[in-house]
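These are the residues of each chain, in order.
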Amino acid sequence: MHFADTAAVAWWVWPIALFAVTFLLGIVAVVAGIGGGVLFVPVIAGFFPFHLDFVRGAGLLLALAGTLAAGPVLLRSGMANLRLAMPLALAGSAASFAGALVGLAAPADLLQTALGLTVIGVALLIWNSSAVDSLGIEESDPLGAMLRLKGRFEDPAAGKHVDWRTNQTPAGLAAFALIGFVGGIFGLGAGFANVPALNLLMGAPLKVAVGSSGLIISIVNSSAAWVYINSGAVLPIIVVPSILGVVLGSRIGAALLRTLRAATVRRLVIVVMLLAGARALLRGLGIWI
């Protein structure tokens with residue numbers, strides 16, 4: 001940690017601030033299905049006096065805790081599908097382990113710059129994409145049919161039951177391997193592109209994509225998190241208040257997911273990601289330390 005500009009601030013202020021910030025991030029992350037890490041890492045690395053390696057290690061554990069807390073609620077509601085999540089999580093888990101090894105070997109300034117560009121790029125991708133509730137897919141591809149990637153859930157906000165199935169399963173597996181690798185490098189929890197991949201590429205309804213993304217994150221993060229723990233890149237003073245905040249926030253977010261409209265969630269996530277990505281980019285370039 002570096003406290004050159006914050007020596008006058010009492011040490012106990014930072015854990016309290018972390019708890020407050022991660023409580024809000026936990027709500028937003030679960031509702032958006034992106035994992036706490038994708039918001040936590042750029043926000044905390046940009047506005048708190050912690051070294052990026054410790055923030056990335058905490059980000060993985062934080063996203064893992066948040067999705068585990070929200071998982072039972074999402075499964076009971078039918079908005080998370082275990083059969084859909086498992087094969088995609090397997091591909092992402094192996095790749096995230098390799099990504100974590102690469103991330104710990106790279107210079108911090110380079111990672112800050114790359115993190116800012118990545119987060120801004122993802123925000124623009126979400127902004128330019130048109131998420132859909134149902135693509136009207138009548139038949140799965142052969143691999144998807146074999147894995148029975150289909151289901152049914154009740155959407156109270158729309159007032160109807162939704163039957164769904166996916167397609168383009170091989171492309172989806174490849175996409176989640178790439179997402180896991182990049183997520184392992186930056187400690188983003190591998191959730192920053194899960195929802196677009198599930199919704200736009202594989203054709204899952206948006207709320208199923210959001211709910212299943214949380215389950216995928218909880219599995220994928222387990223692999224990358226062990227690399228950071230083994231390397232000593234995990235500090236309790238950062239991790240403990242962050243996890244407490246995100247667990248409480250995630251449970252509220254899981255309950256709100258049933259009633260909030262997708263468009264509202266997307267706008268909120270885009271604004272937060274653009275601000276956090278710009279801060280990380282400026283910090284990595286040495287413009288705003």
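Residues numbered from 1 in each chain as written. Predicted model: local features only at pLDDT ≥ 70, side-chain atom pairs only at ≥ 80, totals over all residues. Heavy atoms only, no water.

1. Observations concerning unusual backbone geometry
Next up, step 1: Of note in the backbone geometry, Arg-148 takes a positive phi value of approximately 55 degrees without being a glycine.
Next up, step 2: Here Arg-148 lies in the loop between helix H6 (142-147) and strand S1 (150-155).
Next up, step 3: We classify Arg-148 as partly exposed; its relative accessible area is 48%.
Next up, step 4: You will see that Gln-168, though not glycine, has its phi angle at about 50 degrees, which is positive.
Next up, step 5: With respect to the secondary-structure elements, Gln-168 resides in the loop between strand S2 (160-165) and helix H7 (169-186).
Next up, step 6: The exposure class assigned to Gln-168 is partly exposed, which follows from its relative accessible area of 39%. (Helix = DSSP H or I, 4+ residues; strand = E, 2+ residues; numbered from the N terminus. Buried < 20%, exposed > 50% of the residue type's maximum accessible area, 1.4 Å probe, protein only.)

2. Overview of the side chain of Asn-81
Next up, step 1: Within the element layout of this structure, Asn-81 appears in the loop between helix H3 (52-77) and helix H4 (82-105).
Next up, step 2: For Asn-81, a relative accessible area of 15% gives the class buried.
Next up, step 3: In terms of polar contacts, Asn-81 uses its side chain to reach the backbone amide nitrogen of Arg-83, at 3.2 Å.
Next up, step 4: At 2.8 Å, the side chain of Asn-81 and the backbone nitrogen of Leu-84 are in polar contact. (Polar contact = N/O pair within 3.5 Å; in protein donor to acceptor, adjacent residues only side chain to side chain.)

3. Structural notes on the nonpolar core
Burial of nonpolar side chains together is a common tendency in soluble globular proteins.
Next up, step 1: One finds Leu-18, Phe-40, Ile-44, Phe-50, Val-55, Leu-115 and Met-273 to be the most contacted residues of the largest nonpolar core, which totals 40 residues.
Next up, step 2: When residues of this core are traced back to their parent elements, those giving at least two are helix H1 (13-32), helix H2 (36-47), H3, helix H5 (108-128), H7, helix H9 (206-230), helix H10 (236-256) and helix H11 (262-284).
Next up, step 3: Leu-18 has contacts with Phe-40, Ile-44, Phe-48, Phe-50, Ile-237, Ile-238, Pro-241 and Ser-242, leaving out every residue within four places of it along the chain.
Next up, step 4: Residues Val-30, Ala-80, Ala-89 and Ile-179 belong to the second largest nonpolar core, which totals 30 residues. (Core = buried A, V, L, I, M, F, W, Y, C linked by side-chain atoms within 4.5 Å. Contact = heavy atoms within 4.5 Å.)

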